[in-house]
Each structure stands twice: as C-alpha cells, then as structure tokens.
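Below are the chains, spelled out letter by letter.
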Amino acid sequence: MSTVLNQRLEAALRQRRDQHLYRRRRQVEHLGGAWLRVDRRDCRNFCSNDYLGLAAHPQVARAMAGALERWHAGSGAAHLITGHTVEHEALEEELADFVGRPRALLFSTGYMANMGTINALAGPMDRVLEDRLNHASLLDGGWLCRGAMERYQHADTGDLAARLDHGEAEHNLVVTDTVFSMDGDVAPLADLAALAAERDATLMVDDAHGVGVLGPEGGGAVLEAGLDTDAVPVYVGTLGKALGTFGAFVAGSEPLIEYLIQRARTYVYTTAPPPAVAAATRAALRIVREEGWRRQRLDTLVRRFQNGLRALGLPASPSRTPIQPLVVGEPAEALRLARALEEEGLLITAIRPPTVPAGTARLRVTLSAAHCEADVDALLEALGRHLAGGVDTGAATVASP
Ligand SMILES: *Cc1c(COP(=O)(O)O)cnc(C)c1O
C-alpha cells in the first residue's frame, strides 16, 4: 500500500530535516558571467564547476545552435546502433589528442563513465581499491561491480601498498580522483602510478576537476604529472565542468576503448548524446587549448582568495585548484553561513554529510575565470565579517581539512 511507503518515507525525511541534512533544489536563472538570479535576488555564483567560464560562451552556444540546424536535436539511438555521428567521432579524436592518449570514448555523463568502466574492468575474481574520498560515482562503481571493493585512507600510498600486498584478487584496479571534488587537493598521481606498476595493478583516474584546468593547454592532471598511458591506463574526463557543456569520456589504449565499446553497459545500452552537444564541446575544446589566459586568471584569483583569507586571519585551504573549501564543522553552522552570505548576494552551497565525512560540513567555494577581482574581494569582505564574529563556531574552528 502506498500509505505504508509514504509513512516510511516521511519518517526518513523528518529525520533528515532534524539533522539539518535536508536538501532542496533552487530554481535559478543564469544571467551570464558569474551571475545567477535566485529567488529574485542577483547573486555572484561561487559554487559552479564552470571553471573557465565557457558554459555561457557565445562561440560554444553558436556551435550548438549551428549543429542543431544541421543535425537536428536527437541522436535517435545508442552509439552501437545509429547514434554515433561524425560529430561524436570527431570529438573523440580531438579529446584523445587533448589528453595525450591513443583513443577516447564518449559517455553521456561522468557518472555513467565511471560506473560503466569499473563494471567492465572488474569481474568477480577482481578487486577495486578506491581512495575513501573518491566521488560518489566511483564509489558506486566499486560497490555495484561484481568484484570486491575496499577503500584506502585518503591519498595514503602506504595503506594502499599494504592492501595490495594482501588478498587473493586476480587483478587489482586502483581508482582515484585526481583533484578531490570537496577538498580541491590533488592525488599523489606519480606515487600511485609507480605503486600500481610495481604490484601489477591498473590505475584508473577521474580528472573531472583537472581536465581543462591543470596541465599543458589544460590537458589535465595526468599530463601535468607527466604520466603516459602505460602509467595511467584508464583516464576519465568530464565535459560538464571546465569544458562548460555536458558529457564525459574515457581515454586510453586502443584495446581499452574497444573493450569498453563491447562491455561497458552504460555505454552500450543508452542513447548517444545529441550531436549538437558534441559540436558545442568541440568549440569549447578549441577555446580551452587556445586561451591560456583563462587558466592564468584562475590561478591569480585563487592566490588572491588565499592571501585575502590569511590577511583576515582565516586559514586558507592547502588546495591549489579552484576548489577552495572552508570547513566549518557542523551542518547547521554551514547552513547558517551560506544563508547569511546569500542574503548579501553571494551564493555558496553548504556541503554536508553524507557528501563529506561527518564533522566536516563546509562552504565549498569554487572560483572561475568568469569571476573578476572585485567578485573575490566582495566574498572576502563578507567572510571576514561573518566568520570573525562567529557565533558558536567562530573563526577559530574554521580549519583546513
Ligand atoms: C562531477 C563529477 C563526476 C560526474 O560527472 P557528470 O558528468 O556530472 O555525471 C564524476 N567524478 C567527479 C570527480 C566529479 O566531480
């Protein structure tokens, strides 16, 4: 009976509300640049992943509109049927070149790329070893695959080595975010690659927050670390963040890509994305490669924000990426701060458990090339006032993760 179901759900929802963990969607209007309208208030947006300011770029939009005229809206079928268009193929070739891998394979989303790839690569006799702070899509991929799943301590190659030395798995798949989405720190990629090579394990990395932002021409964290396809055989990048559009890709060797085409269920059994999305992404990719000033500006803004926090006596996160968390501890406090800032037109989402570990609720500030220095200064000024005058948990409890 639906009443039984509803009673159970309502009890669970009540509990979430009591713990300050209830989540709501906001209806927003994108106003261009880093501005959003929320509840009739214009806000500077400090919580998007549009790191290079490409989501609103006119050239990207024009490429999408042009392709819509030419190729229509829908792809009409899965890639393996008749959905794989010349536009998708061209984008795959350009992405492979961009991240310095022989081939790339498009997926509809990063979530699907991670789920599908881990499931294809880890069978019943295998084991998946994941950083405990990995993105939910990687963790779900590990938990839902047929192999065993273990989490190692965050960025801890010692713990990972100890685990690799035990167990009877036929093959070990080591999986990590490159840039951790809630802390902004970068995984010790060279050490992980060396360890995986030593123990005959395979390293898979998710560069959702690195691609476009780090490395030469924005080619990502793995190129920045100078690691080739042998060192990091499985590379995942997403297109909905720095590239400003939508979708994801896996890049690697010829056999890896051919195997995923046969076996990744989230690739095989789903409709190919609209070709216009691929066309828009191709335009975005050209801008990412050509306009290095966007990455330089981002670096300048990150440094300005960190120096500003220190000048206010607040601890800056050790992160060197556009993800700059302010950990405040309890969910209620994170919510209180987010609401106070929003009233001043500064939009920053409070991130609470289970997205982050208990006791580390935070304001996840993200910076973008779409911001200007005045945006960062406005945020700093407000943080100075709200955190210095702290109520229960004042500035002293604001700690780096
Ligand atoms: C956003 C994100 C994803 C999911 O990508 P989508 O294309 O949004 O599904 C995967 N991994 C990480 C680390 C992410 O931050």
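Preceding this section is the structure that the text describes.
Just so you know, the residues in each chain are numbered from 1, in the order the chain's sequence is written. Totals for whole chains, interfaces and linings use all residues, but because this is a predicted model, local features are given only for residues with pLDDT of at least 70 and pairs of side-chain atoms are given and counted only at 80 or more. As a rule here, side-chain values cover all heavy atoms of the structure and leave hydrogens and water aside.

This part is about the site of the ligand. Here a residue is considered near a molecule or strand provided that any single heavy atom belonging to it is located within 4 Å of it. Taken together, 14 residues lie around the ligand, and G110, Y111, D206, H209 and K241 are the ones closest in. Two N or O atoms count as a polar contact when they lie within 3.5 Å, although within protein this holds only if one can serve as hydrogen donor and the other as acceptor, and sequence-adjacent residues are included solely when both atoms are side-chain atoms. In the model, a nitrogen atom of the ligand is placed 3.4 Å from a nitrogen or oxygen of the H135 side chain. At a separation of 2.5 Å, an oxygen atom of the ligand approaches a polar side-chain atom of H209. The accessible surface values rely on the Shrake-Rupley method and a 1.4 Å probe; as for residues, cover is taken only from the protein chains in view. Burial of the ligand by the protein amounts to 82% of the accessible area it has alone, namely 380 Å².

The salt bridge definition used is simple: a Lys or Arg side-chain nitrogen within 4 Å of an Asp or Glu carboxyl oxygen. All chains considered together, the criterion is met by 23 salt bridges. The closest approach of N and O atoms between R103 and E254, which form a salt bridge, is 3.1 Å. One end of the pair, R103, is in strand β4 (residues 103-107); the other, E254, is in helix α10 (residues 254-263), and 151 residues separate them in sequence. Among the salt bridges present, the one from D183 reaches R362, with a minimum N-O distance of 2.8 Å. Pair noted here: D183 is in the loop between β7 (172-177) and α8 (189-198) and R362 is in strand β14 (residues 361-366), with a separation of 179 residues, a long-range link. In this scheme, a residue with accessible area under 20% of its type's maximum is buried, one over 50% is exposed, and one in between is partly exposed, where area comes from a 1.4 Å probe on protein chains only. Looking at D183, the relative accessible area reads 11%, which means it is buried. Residue R362 is classed as buried on the basis of its relative accessible area, which comes to 2%. Here the salt bridges share partners, and the residues they tie into one network are R127, E150, D159 and R163. The secondary structure listing takes helices from DSSP runs of H or I that are at least 4 residues long and strands from runs of E that are at least 2 residues long, numbered from the N terminus.

Strand direction decides the pairing type here: strand β5 (residues 127-131) and strand β6 (residues 148-152), joined by 5 bridges, are parallel. When the bridges of β6 are listed, L129 appears paired with E150. With strands facing away from the observer, any crossover in which the path from the first strand over the helix to the second runs clockwise is taken as right-handed. Remark: the β5/helix α6 (residues 136-144)/β6 crossover connection has right-handed handedness. Pairing between two strands requires that DSSP report at least two bridges joining them.

Every patch collects residues that have over 30% relative accessible area and no salt bridge, joining them within 9 Å if they carry like charges and within 5 Å if they are nonpolar side chains (Val, Leu, Ile, Met, Phe, Trp, Tyr). A cluster of nonpolar side chains, contributed by L5, L9 and L13, occupies part of the molecular surface with about 250 Å² of accessible area. Mapped onto the fold, L13 is located in helix α1 (residues 2-18).

The axes used here are C-alpha line fits, helices contributing only the stretch in contact, and every angle between their N-to-C directions lies in the interval 0 to 180 degrees. Two elements in contact, helix α13 (residues 293-311) and helix α15 (residues 373-388), have axes whose closest approach is 10 Å; the angle formed by their N-to-C orientations is 20°. In terms of axis orientation, α13 runs roughly parallel to α15. Note that α13 runs across α15; the crossing there is right-handed. Side by side, α13 and α15 meet where T300, L301, R304, F305, G308 and L309 of the first sit next to E373, V376, D377, L379, L380 and L383 of the second. Nonpolar residues are Ala, Val, Leu, Ile, Met, Phe, Trp, Tyr, Cys and Pro. Charged residues are Asp, Glu, Lys and Arg, and all others, Gly as well, are polar. Taken together, the residues of the contact of α13 with α15 sort by class into 7 nonpolar, 2 polar and 3 charged. Note on terminology: angles under 35 degrees are roughly parallel, angles over 145 are roughly antiparallel, angles of 65 to 115 are roughly perpendicular, and the others are oblique. Less than a right angle of anticlockwise turn of the near helix away from the far helix marks a crossing as left-handed, whereas a clockwise turn marks it as right-handed. Contacts are residue-level and defined by heavy atoms, with any inter-residue pair within 4.5 Å sufficient.

All right, on to a positive patch on the surface then. We treat Lys and Arg as the positive residues and Asp and Glu as the negative residues; His and chain ends play no part in the count. Positions of charges follow a simple convention, taking NZ of Lys, CZ of Arg, CG of Asp or CD of Glu. Side chains of R14, R17, R24 and R339 sit close together on the surface and give a patch of like positive charge. Positionally, R339 belongs in helix α14 (residues 331-343). Residue R339 is classed as exposed on the basis of its relative accessible area of 55%.

Limitation: the analysis is restricted to geometry and does not speak to function.
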